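One-letter residues, chain by chain:
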Amino acid sequence: MAEAQARDTYHILQPRPSPASLSLVIPMYNEEAIVHFLRAEVEKFMREVPADMEVILVNDGSSDRTIDGIVAWAAEDRRIKIVHLSRNFGHQIALTAGLDYATGDAVAVIDADLQDPLPVIHQMIERYREGYDVVYGQRAARQGESVAFKVSAWVFYRVMRFLIYKRLPLDTGDFRLISRECLDGLKSMRETHRFLRGMVAWVGYPQVAVKYQRASRVAGETKYPLRKLLGLAWTAATSFSTVPLQISIVLGLITGLLGIEEGTRAILASLLGWYIVPGWTSLMVVTSIIGSALLISVGILGQYVGKIYEQSKDRPLYFVSRTFNVAGPPISAIMTRSDAMAEIHEQS
């Protein structure tokens, strides 16, 4: 950790008081079985925090009755605010919606499954008071997960650090505390294909880790199986980094070297009288390698072109069907990239 921090920008930390208001953002998708447990833990946490609290529950187009459970909760407590999206937009977009609606001096992000313990946020607030703008939870251990999933998660974060951003924290999900200043900068980034962990690392500001033990899921099923984890990795790699394009260049160089090797081998076979089927081996090997390299390179390039096409449409990131205990939508709830850039230009 000390080695990683040594490469980061040096910041002069300015101590500050605890946030007067704290927003808790929780994206939810098909979490009907967990609402009861979540409510008990959140209400206990709110009693412990010496700040004005709001809890923003983003229902990401759930197909079960998650909305019924959280609406009943919101009816009894005005601090519970619900953003009901018009359909399932995905975890990163739902998280973005929650951040758009958050009004607190500091915003804590946590998943609904309670694998990330709410009391850890107290430690995050302590680091926030020291002057850090981002305090992220770093998993020291993972309970209730298979060895295969732990290994895949370990590989995921290290590959992401290589492919995306060298300062991307290891073993870190979306569980974190963000200051209002940092969040305002983050909200101006309206790209369609989002990898918030990388985006938060990219915006900079003083950042620090808080290590914790990740618990088992209290109910329901994980919304991030290995298939989705791989999908997130690919989305992050192609939307946040040009390394895959660079890899295709390396692949082309390797193909060229193999072609030279095959040519050299063919010359030696002719001079030394080695037995070969004339032309067959070198032709088939080189043709297959070149064809494979071309298809892979074109496929990677196509992924980037497709993302440019989707970004060029400049559509809103999400639509909100209904809200509960929310006065009105923030500007950023319907903001496109062009709108965000215009607003930044006006402020400057």
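**Brief notes about the side chain of arginine 214**
Alright, step 1. Within the element layout of this structure, arginine 214 appears in strand 7 (residues 207-214).
Alright, step 2. Among the polar contacts made by the side chain of arginine 214, one reaches the side chain of aspartate 116 at a distance of 3.1 Å.

**Focus on empty space enclosed by the protein**
Alright, step 1. Tallying each qualifying case throughout the model produces four cavities of 30 Å³ or more.
Alright, step 2. Roughly 60 Å³ of internal volume is contained in the largest cavity.
Alright, step 3. Residue lining of the largest cavity: Leu95, Leu99, Val109, Asp174, Arg176, Ile178, Leu186, Leu196, Arg197 and Val200, and that is the complete set.
Alright, step 4. Within the lining of the largest cavity, the residues separate by chemical class into seven nonpolar, no polar and three charged.

**A word on unusual backbone geometry**
Alright, step 1. The phi torsion at leucine 114 lies on the positive side, around 65 degrees, for a residue other than glycine.
Alright, step 2. Along the chain, the position of leucine 114 falls in the loop between strand 4 (106-109) and helix 5 (120-130).
Alright, step 3. Here tyrosine 205, not a glycine, exhibits a phi torsion of approximately 70 degrees, which is positive.
Alright, step 4. By relative accessible area, tyrosine 205 is classed as partly exposed at 28%.

**Thoughts on helix 4 (residues 91-101)**
Alright, step 1. Across the 11 residues of helix 4, 10 count as buried, placing the element largely inside the fold.
Alright, step 2. Restricting attention to buried positions, one finds in helix 4 the residues Gln92, Ile93, Ala94, Leu95, Thr96, Ala97, Gly98, Leu99, Asp100 and Tyr101.

**Looking at the pattern of salt bridges**
Alright, step 1. If you walk through the whole model with that rule in mind, you get 12 salt bridges.
Alright, step 2. Residue arginine 65 pairs with aspartate 68 through a salt bridge whose shortest N-O separation is 2.8 Å.
Alright, step 3. For arginine 65, a relative accessible area of 56% puts it in the exposed group.
Alright, step 4. Among the ionic pairs, arginine 214 bridges to aspartate 116, the shortest N-O distance being 3.1 Å. Pair noted here: arginine 214 is in strand 7 and aspartate 116 is in the loop between strand 4 and helix 5, with a separation of 98 residues, a long-range link. Of the two residues examined, arginine 214 and aspartate 116, each falls in the buried class.
Alright, step 5. By sharing partners, the salt bridges in this structure join Arg39, Glu43 and Glu76 into a single network.

About the thresholds
Residues numbered from 1 in each chain as written. Predicted model: local features only at pLDDT ≥ 70, side-chain atom pairs only at ≥ 80, totals over all residues. Heavy atoms only, no water. Helix = DSSP H or I, 4+ residues; strand = E, 2+ residues; numbered from the N terminus. Polar contact = N/O pair within 3.5 Å; in protein donor to acceptor, adjacent residues only side chain to side chain. 1 Å grid on protein atoms, 1.4 Å probe; cavity = no way out; pocket = protein on both sides within 12 Å on 5 of 7 lines; lining within 4 Å. Points joined across faces, edges and corners; volume = space filled by probe spheres on them. Nonpolar A, V, L, I, M, F, W, Y, C, P; charged D, E, K, R; others polar. Buried < 20%, exposed > 50% of the residue type's maximum accessible area, 1.4 Å probe, protein only. Salt bridge = Lys/Arg side-chain N within 4 Å of Asp/Glu carboxyl O.

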